[in-house]
Amino acid sequence: MAIDLRETFLEAEEFKKLGNDFYKEKKYEDAIDCYTKAIELDSNNAIYLANRAMAYLKTEAYGYALADSSKAIELDPHYLKGYYRRASANLALNKYKESLKDFQTITKLAPKNKVAKEKSKECEKIIRQILFVEAISFDDCKKSVVDDIHLDSIKVEDSYLGPSLPSDGKVTEDFLKSLISWFKDQKPLHKKFAFQIIIEARKLFAGYESLVYVDIPENAVFNICGDTHGQFYDLLHIFEINGYPGPNNLYLFNGDFVDRGSFSYEVIFVLFSLKLLHPEYFFLSRGNHETVSMNRMYGFAGEVKAKGTELMLKLFHETFCCLPLAYVVEKKIFCVHGGLFSEDGVTLDDIRKINRFQEPPESGLMCDLLWSDPMPQNGRSPSKRGVGLHFGPDVTQQFLAHNQLEYIVRSHEVKDNGYEIAHDGKCITVFSAPNYCDQMGNKGAILTVTKNDLSPQFKTFTHVPHPDVKPMAYMNMGTMFEL
Amino acid sequence: MSDEPVMATNDDASECKRGAVQLGYWQDNYIPYFVRQIEKRAPEINRGYYARVKGVERFIKTFLKKAGSSSQIVNLGAGFDTLYWRLKDQGVYMSNYVEIDFPTVTARKCYAIKRNKQLLERIHEQDGEVKLSATDLHAGNYHCIGADLRNISQLEMKLQQAEVSFANPTLFIAECVLVYIENDCVNRLLGWIASKFKSALFVNYEMCNMNDTFGDVMLGNLRARGCTLAGISFCKNLETQKSRFISNNWQGAKAWDMVQIYYDLPAAERQRIEKIEFLDEQELLIQLFQHYCICVGWLGTEFADISCNGGD
């Protein structure tokens, strides 16, 4: 009897050794076979099970690894390797909390084992990182910054003489007039009303689809403006020469309202207020600068932190995510900030269905919409910007034909004369920030159409003076002094 | 017409350089001693300064390679440039290094050097003297002198105090300096250098191609800051830049706009810095590059074969 047992034991050990050899040679399937044979001879050996678990991990059979390591622990609750194997299996299965439990056990069982301690600590650190990231991203999806803003508790001091909104946040002509004149004098809008405007605008935009159809009323004109980039005084000039928005004078501003210019704050509040005042006659589409990463680098974030608050910036970013991505005017003119797509066959419905409530991904329809540029040659080509693409006249033609449209209007690129007609009249760029960055000396332009005549008419304009704003926390563009 | 706005260009340039260094565009351990905390600049500015600094550096390297240990560097309108300390760190040996700027500027530079051991110990030779006045500093082969480049006799005297040798191969550096000086003063300066120095290379970084809308806007912006660009006529294009040397008895001149200079820098380096700040669009940067240039002029024959991709 004893001899049998001993022989069995020796045989099992042989298989284990063989298995270990195979393991070292990276022949994991063979190793598994050997360990299995060892286990068949002695099923109560934690070591064999832990070893097989290790080999299973290598062949990505995580379920089997989990089973084996659990059995090993069951058989020998003091065998550290068992816990290591199970922790690894759980990690591979993304069961971080379970994994963490085993590491904690290891440190408890071997408090003096330095290597064990370090290893566990290392793994624990990684796991906690992962759990933390998961936790906060989970929160982001569910919570809106609006929940953190308690408008009723924000007091307006008696000393505040600026424009104010009623408690229902309804924007009136009077409010808009006083807002514009207040801003012209570089005075601050009270935070309470600032928050109110953004909150109401956000609600309004969120109710739209990602692609919006607009019809032009009879006897009205429809104006499309391009990038304005924080050039508040030039924005006012647009309204002075072309009329303020109203039932007969509709406007679409095609993205990039903020960044670069030093008055992005004023621009965005006036545009949002106009939207709230004339929701049927005033439209805003999202540009690539209505995003977190651009605002961080090109001034808006700094400006909001200086003139408003950090919370307000978060609210802006949420609101930007609600801006529609594209408009179709009279079912014939497709308006978008950047341009067309890396694939053929995109329909208006595809665009309408985009989930725009996010920062633009690094590729795909939403990214292309915000970032692409036309090029003169046919076909497609990687973008000079490193994001999006260049698309040729054939791409434009195909898209228009496929969707029964006449031409596209986009912005995104500075043009000497404020606008440029490309692709045989089918792709028009309109840009409305004159003397861009106080440097380029370009004109701005406004594109106008009517219901009965959809052919584009252009009005160009030069820049107007603006206050010499001393560089503060935000971008110093005004003094491109000397390179 | 005061010189103060021109002196202020040093502050702006130094701040821009410091900002770029802080973001990792290039290394300069000494600039923080001269420049306090700065505001963030647009990515175009940082890339522009990178191109400027690296572009000029290439010519400096070429010069040092050719001229060897007898080389002499005269940095005109040097402002808070840290070139001396950086070269010292690299173990470059020169016979003489002279920085010149308005006395108001050199006074501030000397003050900063006096106050900061890290700057002082680099220039202070073991057994050498440090001669200090309010506006001048002489220590070993380093000389910081306050002078007006429009006053040649004063300049000549000060250069003699700095132990400048007319026989040694000399590198003159000027970054946006000559453009602020009246034409006849510039002509006199360049003519005087040509008459005195046997072998020299002048590296001039400056505006160019100014006869367009962008140029007009730039001039307008600078004028609004009180900077009348007295020497702007030489910045019309690369030809006029070169002619400034040729017409003042220099042997030859070459010029490249910053598009050429930038794209001639090593690709790996350009890729590295382009990742530091994402540029949303290229237009502004290209315009800036097209409106600045590096123009070199030479005396003697040693530097006649200079090209913009040398020195590595």
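On a predicted model such as this, the values are computed, not experimentally measured, just so you know.

Scoring rules and cut-offs
- Residues numbered from 1 in each chain as written.
- Chains lettered and ligands numbered in written order.
- Predicted model: local features only at pLDDT ≥ 70, side-chain atom pairs only at ≥ 80, totals over all residues.
- Heavy atoms only, no water.
- Helix = DSSP H or I, 4+ residues; strand = E, 2+ residues; numbered from the N terminus.
- Contact = heavy atoms within 4.5 Å.
- Core = buried A, V, L, I, M, F, W, Y, C linked by side-chain atoms within 4.5 Å.
- Buried < 20%, exposed > 50% of the residue type's maximum accessible area, 1.4 Å probe, protein only.
- UniProt positions renumbered as here; feature names shortened; annotations may be inferred.
- Pairing = 2+ DSSP bridges.
- pLDDT = per-residue confidence, 0-100.
- Right-handed = clockwise from strand over helix to strand, strands pointing away.
- Phe/Tyr/Trp six-rings, centres within 6.5 Å; stacked < 30°, edge-to-face > 60°.
- Lys NZ or Arg CZ within 6 Å of the ring centre and 35° of its normal.
- Salt bridge = Lys/Arg side-chain N within 4 Å of Asp/Glu carboxyl O.

Chemist: How should the environment of B:Leu265 be read in this particular structure?
Modeler: Residue and element names in this part refer to chain B. With respect to the helices and strands, the residue Leu-265 is situated in the loop between α11 (258-264) and α12 (267-274). Residues Leu-265 and Phe-172 lie 93 residues apart in sequence; the distance between their C-alpha atoms is 22 Å. Residue contacts for Leu-265: discarding those within four places in its chain leaves Tyr-50, Ala-51, Lys-54, Gly-55, Arg-58 and Arg-270.

Chemist: Explain the nonpolar core to me, please; I cannot follow it from the model alone.
Modeler: A general feature of soluble globular proteins is that nonpolar side chains tend to end up buried together. Among the nonpolar cores identified, the biggest contains 114 residues, and A:Phe334, A:Ile351, A:Phe399 and B:Met207 are the most heavily contacted of them. For this core, the element with the highest residue contribution is helix α3 (residues 43-67) of chain B, accounting for 11 residues. Apart from residues no more than four positions distant in its own chain, A:Ile351 is found in contact with A:Ser210, A:Leu211, A:Ala326, A:Phe334, A:Phe341, A:Val346, A:Leu369 and A:Phe399. With 81 residues, the next largest nonpolar core counts A:Ile199, A:Leu315, A:Ile333 and A:Ile446 among its residues.

Chemist: What am I meant to see in the UniProt feature "binding site: S-adenosyl-L-methionine" (unreviewed entry) in chain B here?
Modeler: All names here are of chain B. Here, the residues flagged by UniProt with the feature "binding site: S-adenosyl-L-methionine" (unreviewed entry) are Arg-52, Gly-77, Asp-148, Leu-149 and Glu-175. Of the residues just listed, which span 124 residues, the most distant C-alpha pair is 24.3 Å apart, and they do not cluster in one region. The residue Gly-77 is located in the loop between β1 (72-76) and α4 (83-89) in this model. You can call Gly-77 partly exposed: its relative accessible area is 24%. For Gly-77, the residues in contact, after removing those within four places along its chain, are Ile-100, Asp-101, Leu-149 and Val-177.

Chemist: So what exactly am I meant to see when it comes to the environment of A:Arg385 here?
Modeler: Assignment of secondary structure puts A:Arg385 in the loop between β8 (380-382) and β9 (389-391). We classify A:Arg385 as buried; its relative accessible area is 5%. Measuring from C-alpha to C-alpha, the distance between A:Arg385 and A:Val469 comes to 29 Å, with 84 residues separating the pair along the chain. With residues up to four places along the chain from it excluded, the contact list for A:Arg385 reads A:Trp371, A:Asp373, A:His412, A:Glu413, B:Phe278, B:Leu279, B:Asp280 and B:Glu281.

Chemist: Looking at this structure, how should I read the pairing of strand β13 (residues 444-450) of chain A?
Modeler: If a strand is regular, its side chains alternate between the two faces of the sheet. Residues and elements named next belong to chain A. Of all 7 residues that make up β13, 6 are buried, and the element is covered over most of its length. Bridge analysis of β13 against strand β14 (residues 457-461) gives 5 bridges, and the strand direction is antiparallel. Counted as the bridge partner of Thr-448 is Gln-457 from β14.

Chemist: What is the right way to look at the confidence of the model for chain A in this model?
Modeler: Any residue range with low pLDDT should be treated as having predicted coordinates unsuitable for detailed reading. Counting all residues, the mean pLDDT for chain A is 90, and 94% of those residues have values of 70 or more. Taken together, the stretch residues 470-483 of chain A has pLDDT below 50 and engages in 55 contacts with residues farther than four places along the chain or on a different chain.

Chemist: Would you mind showing me how to read the pairing of strand β2 (residues 221-225) of chain A here?
Modeler: Residue and element names in this part refer to chain A. Counting buried positions over the 5 residues of β2 gives 4, a clear majority of the element. Pairing analysis gives 5 bridges linking β2 to strand β3 (residues 249-253), with the strands arranged parallel. In the sheet register, Cys-225 faces β3, and the bridge partner there is Phe-253. In terms of handedness, the path from β2 via helix α10 (residues 232-242) over to β3 forms a crossover that is right-handed.

Chemist: Would you mind showing me how to read unusual backbone geometry here?
Modeler: Most peptide bonds take the trans form, and the phi angle of most residues other than glycine is negative. Residues and elements named next belong to chain A. Of note, Asp-259 is a non-glycine position whose phi angle comes to about 85 degrees, a positive value. Positionally, Asp-259 belongs in the loop between β3 and α11 (264-277). Of note, the phi angle at Gln-404 is positive, near 50 degrees, even though the residue is not glycine. Along the chain, Gln-404 turns up in the loop between α17 (393-402) and β10 (407-410).

Chemist: Got a minute to help me understand the packing of aromatic side chains in this structure?
Modeler: Within a pair of aromatic rings, the relevant descriptors are the distance that separates the centres and the angle that separates the planes. Here the structure, examined in full by the defined rule, presents 50 aromatic pairs over all chains. An angle of 40 degrees between the planes, with centres 6.0 Å apart, marks the rings of A:Tyr160 and A:Phe193 as tilted. You can see A:Tyr160 sitting in the loop between α7 (114-142) and α8 (173-184) and its partner A:Phe193 sitting in helix α9 (residues 191-206), a full 33 residues away along the chain. Comparing A:Tyr160 with A:Phe193, the two get one shared label, buried. A ring pair is formed by A:Phe269 and A:Phe316, whose centres lie 5.5 Å apart and whose planes are at 65 degrees; its orientation type is edge-to-face. With a gap of 47 residues between them, A:Phe269 in helix α11 and A:Phe316 in helix α14 (residues 310-320) connect regions that are remote in the sequence. For A:Phe316, a relative accessible area of 0% puts it in the buried group. Put simply, the rings of A:Phe183, A:Phe205, A:Phe232, A:Tyr233, A:Phe263, A:Tyr265, A:Phe269, A:Phe272, A:Phe300, A:Phe316 and A:Phe320 pair up and form one aromatic cluster. Over the ring of B:Phe34 we find B:Lys109, and its NZ or CZ is 5.5 Å from the ring centre.

Chemist: Please explain the pattern of salt bridges as it appears in this structure.
Modeler: Pairing between side chains becomes possible if they bear opposite charge and their charged atoms approach one another. Scanning the model with the defined rule gives 47 salt bridges over all chains in all. Across the pair A:Glu266 and A:Lys307 runs a salt bridge whose closest N-O atoms are separated by 3.0 Å. With A:Glu266 in helix α11 and A:Lys307 in helix α13 (residues 300-307), this pair connects stretches of sequence that are 41 residues apart. Under the relative-accessibility criterion, A:Glu266 is labelled buried at 3%. The exposure class assigned to A:Lys307 is partly exposed, which follows from its relative accessible area of 22%. Measuring nitrogen to oxygen at the nearest pair gives 3.7 Å for the salt bridge that ties B:Lys61 to B:Glu57.

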